[in-house]
Amino acid sequence: MESLRSWPNRSCSSSLVALAAISIFISTDLAADEPGRGAVALLELGECCGDLSWPAAEELILAEIEAMGLDVLGVPARGEDPARADLAGAGIESGAMCAVAIYFDSPEGDAVLDVWARDQESGDSVQRHIALGPRSDRDAASIAAIRAVEALRASLQELNLDLIDVDVPEPEPEPEPQIEEEEPAEEVEAKPRPDPEPEKDDGQPMLGIGVGGSGLGSPGGVDGMGGVQILLAWRPWWWLSIHADALLTVLGDEISDGGASSTFDLATFRGWLMWEIRPEGILRPAVGIGGGGVIFWSTGSGDGDQFDMRTDRAAVGYVGATAHLGVAVSDWFWVRGGARVGIALPEVVLEFGGSSVARFGRPMVEGFLNLEICFL
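Keep in mind the model is a prediction, meaning the values are calculated, not measured.

The rules behind each value
Residues numbered from 1 in each chain as written. Predicted model: local features only at pLDDT ≥ 70, side-chain atom pairs only at ≥ 80, totals over all residues. Heavy atoms only, no water. Helix = DSSP H or I, 4+ residues; strand = E, 2+ residues; numbered from the N terminus. Phe/Tyr/Trp six-rings, centres within 6.5 Å; stacked < 30°, edge-to-face > 60°. Lys NZ or Arg CZ within 6 Å of the ring centre and 35° of its normal. Axes fitted to C-alpha atoms, helices over the stretch in contact; angles between N-to-C directions. Parallel < 35°, antiparallel > 145°, perpendicular 65-115°, else oblique. Left-handed = near helix turned anticlockwise from the far one by under 90°. Contact = heavy atoms within 4.5 Å. Nonpolar A, V, L, I, M, F, W, Y, C, P; charged D, E, K, R; others polar. Pairing = 2+ DSSP bridges.

### Observations concerning unusual backbone geometry
Put simply, Leu-345 and Pro-346 share a cis peptide bond, and its omega is -5°. With respect to the secondary-structure elements, Pro-346 resides in the loop between β13 (333-345) and β14 (348-352). For the peptide bond that leads from Arg-362 to Pro-363, omega is -5°, which places it in the cis range. For Pro-363, the location among the structural elements is in the loop between β15 (355-360) and β16 (364-375).

Encoded structure:
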């Protein structure tokens, strides 16, 4: 019986086959333990920059990726600013083909998602930077995890890599706000807008000083006369004003009878209570009543020795009514015109040699026009 050949006596070809089998077994085992194929590197930010990290979102991303059958490698971040972290370098150093980082751009700022993926055969890579918005919603971490998986899938598809076979659940759309339709408003009949009522209390009384001219006369033998007038107006309330005027004739009347003649002049001093019909606007009418006194004087002369040169004076009372229209050219400048009718108490009689030649004051009619400066 022939004995078996010892190991050293085996052929060279048999040795090569054995070595090849051992090499294939070792390489297969190493390939199975290679972490890069189908591995995702998750950048851990808790140690380096805790204020900017989002641990809740990192845990959910880790769970979502592991549920897909992929390995997750935790890679500690370097530095203090995650926005400047080398995500591609972290993925390459860990041997992973994908890397994910989620953080906040400031302690109270918005969430940011960074995704990097690489084709290990061709060397092509894709990197995405996605703004997720504020973390105010209680489900914000879950939504961020879903967004991370979606971005990871899109990056792998762009590189023509298909490592994820599990369907990623779509985030539920937020319900659209319901807008209640407003009932159409009832048609309102257009009506003319009434004129605004004058202000009842303007809080600032008006004080005015005026000067102007006046013409006056009276039936009974005295023709018209002309004079100058000074007016003071004060309005304590919007509906009432108090006026005071002084009138002095500068163009008196000349009365003649036979061989005698006499001049006739007067001066008046009166006060008025005025009702302001319209205290606002450009045109401001008013009416009122008043009273005061009138001083008359006359100087007479005659032909020859029949009359001597003599001056007589008389003072009487006065009551009357007035109406005027004020034109407010500006807040401080007015033009005021009007008329007055009154009676002298008693009536003034002019006599020559004991005979009456003229009467004055029943009634006394005058018209005036003043320019006024108002102080408010």
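This is not the end of the story, as more comes after the structure.
### Quick look at the packing of aromatic side chains
The full count for this structure, using the stated rule, is 6 aromatic pairs. One aromatic cluster is present, built from ring pairs that chain together Phe-264, Phe-296 and Phe-360. One cation-aromatic arrangement involves Arg-270 over Tyr-318; the distance from NZ or CZ to the ring centre is 5.0 Å. A cation sits over an aromatic face here: Arg-340 above Phe-368, 4.0 Å from the ring centre.

### Description of the packing of helix α2 (residues 55-67) against helix α4 (residues 140-158)
At a minimum axis separation of 8 Å, α2 and α4 run at an interaxial angle of 45°. Judged by the inter-axis angle, α2 sits oblique to α4. Crossing of α2 against α4: the hand is right-handed. Between α2, through Ala-56, Ala-57, Leu-60, Ile-61, Glu-64 and Ile-65, and α4, the contact on the second element is made entirely by Ala-141, Ser-142, Ala-145, Ala-148, Val-149 and Leu-152. Of the residues belonging to the contact of α2 with α4, the class tally is 10 nonpolar, 1 polar and 1 charged.

### Focus: the pairing of strand β6 (residues 206-218)
The pairing of β6 with strand β7 (residues 222-237) spans 12 bridges and is classified as antiparallel. Bridging from a neighbouring strand, Ile-209 pairs with Leu-232 of β7. The turn linking β6 back onto β7 is made up of 3 residues, and Gly-220 within it adopts a positive phi angle of 130°. Sheet topology note: the β6/β16 ladder contains 11 bridges and is antiparallel. Residue pairing for β16: Ile-209 is matched across the bridge by Ile-373.

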